[in-house]
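Residues per chain, in single letters:
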Amino acid sequence: MTSEAAGSPPSAMAWPPPSFANTNVEALVNDLEDEEVSGMMMRARPFATLVQMTALLYLGDYVAVGMLWKRSYDSDALLQEWINVVATPMMTGDSTRAIEGLQRLSSTSPPPFSQYAAEIAQMYLQRNENKRFAANNQSNTATIPSVAPVVAFLESPAQWNA
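Here's a quick rundown of the structure. (Residues numbered from 1 in each chain as written. Predicted model: local features only at pLDDT ≥ 70, side-chain atom pairs only at ≥ 80, totals over all residues. Heavy atoms only, no water.)

Describing the environment of V85
Then comes step 1: With respect to the helices and strands, V85 occurs in helix α5 (residues 77-92).
Then comes step 2: C-alpha separation for the pair V85 and R97, spaced 12 residues apart in sequence, amounts to 7.6 Å.
Then comes step 3: Aside from chain neighbours lying at most four places away, what touches V85 is R97, G101, R104 and L105. (Helix = DSSP H or I, 4+ residues; strand = E, 2+ residues; numbered from the N terminus. Contact = heavy atoms within 4.5 Å.)

This is the structure:
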């Protein structure tokens, strides 16, 4: 289990969680999605949609972020700011704007969202570094052709080791 999934169960934590660092973020997202489906989310927990959005950004699940944004398009101003300043640049791959937005939100958002912004920035930079590292390793590996996934069905397994 990854460090972002470790920590206390969602039902045993303070609301909203002060940080994602010691929170089972995947379980938190699942609980919030269940509450959203049951219609209990807005009544049960203040800022639930924003916590769900920031948790999804922390996990890097941009498809789910986009779907949540569509479901909560005309929600509160703070959620809209996160969508415009952070989520949209992340979903479109604009790393510079995403990091600038996260830096701004880490200094202007109320707690715990300022903490979430700092943690999301750290995870985002780490994911991007891991992608760059993987891309560099793949391009530097002479035994694996770069078009392997595309043409794999045309070749027999014996040709991979040739």
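Focus: the pattern of salt bridges
Two side chains of opposite charge can pair, provided their charged atoms sit close to one another.
Then comes step 1: Summed over all chains, the structure comprises 5 salt bridges.
Then comes step 2: With a closest N to O distance of 2.7 Å, E81 and R104 form a salt bridge. Placement of the pair is E81 in helix α5 and R104 in helix α6 (residues 95-108), with a sequence separation of 23 residues.
Then comes step 3: For R97, the salt bridge identified is with D94, shortest N-O distance 3.7 Å.
Then comes step 4: Residue class for R97 comes out partly exposed when judged on its relative accessible area of 41%. (Salt bridge = Lys/Arg side-chain N within 4 Å of Asp/Glu carboxyl O. Buried < 20%, exposed > 50% of the residue type's maximum accessible area, 1.4 Å probe, protein only.)

Digging into the packing of helix α4 (residues 62-71) against α5
Then comes step 1: Where α4 meets α5, the closest approach of the two axes is 11 Å, and the angle between their N-to-C directions is 145 degrees. Handedness of the crossing formed by α4 with α5: left-handed. From α4, Y62, V65, G66 and W69 reach across to α5, where they touch Q80, I83, A87, M90 and M91. (Axes fitted to C-alpha atoms, helices over the stretch in contact; angles between N-to-C directions. Left-handed = near helix turned anticlockwise from the far one by under 90°.)

Details of the nonpolar core
Side chains of a nonpolar character, in soluble globular proteins, are inclined to be buried together.
Then comes step 1: Core analysis: the biggest nonpolar cluster contains 36 residues, and M53, L57, W82, V86, M90, L102 and I120 have the highest contact counts within it.
Then comes step 2: Among the secondary structure elements, those contributing two or more residues to this core are α1 (25-38), α3 (48-59), α4, α5, α6 and α7 (113-140).
Then comes step 3: If we skip the residues at most four places from it in the chain, V86 touches L57, E81, A98, G101, L102 and L105. (Core = buried A, V, L, I, M, F, W, Y, C linked by side-chain atoms within 4.5 Å.)

Notes on unusual backbone geometry
Then comes step 1: Note that the residue after W15, namely P16, is joined by a cis bond; omega there is -20 degrees.
Then comes step 2: If you trace the backbone, P16 turns up in the segment before α1.
Then comes step 3: A cis geometry characterises the amide bond from P111 onward to P112, with omega recorded as 0 degrees.
Then comes step 4: By the secondary structure assignment, P112 is in the loop between α6 and α7.
Then comes step 5: The phi dihedral of F47 falls on the positive side, at around 65 degrees, and the residue is not glycine.
Then comes step 6: Topologically, F47 is positioned in the loop between α2 (41-44) and α3.
Then comes step 7: Among the residues examined, F47 registers a relative accessible area of 44% and is labelled partly exposed.

Let's talk about the packing of aromatic side chains
Then comes step 1: One pass over the structure, following the stated rule, counts 4 aromatic pairs.
Then comes step 2: With 4.1 Å between their ring centres and 15 degrees between their planes, F20 and Y116 make a pair best called stacked. In this pair, F20 is assigned in the segment before α1 and Y116 in helix α7, connecting sequence segments 96 residues apart. Y116 matches F20 in its accessibility class, with the two residues each being buried.
Then comes step 3: Plain terms: the ring middles of F113 and Y116 are 5.3 Å apart, the flat faces sit at 90 degrees to each other, and that makes the pair edge-to-face. (Phe/Tyr/Trp six-rings, centres within 6.5 Å; stacked < 30°, edge-to-face > 60°.)

Section: the packing of α3 against α5
Then comes step 1: It is the contact of α3 with α5, at a shortest axis distance of 11 Å, that shows an interaxial angle of 15 degrees. Taken together, the axes of α3 and α5 are roughly parallel relative to one another. The element α3 and its partner α5 pack so that their crossing is left-handed. Contact residues: T49, L50, M53, T54 and L57 in α3; L78, L79, W82, I83, V86, A87 and M90 in α5.
Then comes step 2: Of the residues that constitute the contact of α3 with α5, the class distribution is 10 nonpolar, 2 polar and no charged. (Parallel < 35°, antiparallel > 145°, perpendicular 65-115°, else oblique. Nonpolar A, V, L, I, M, F, W, Y, C, P; charged D, E, K, R; others polar.)

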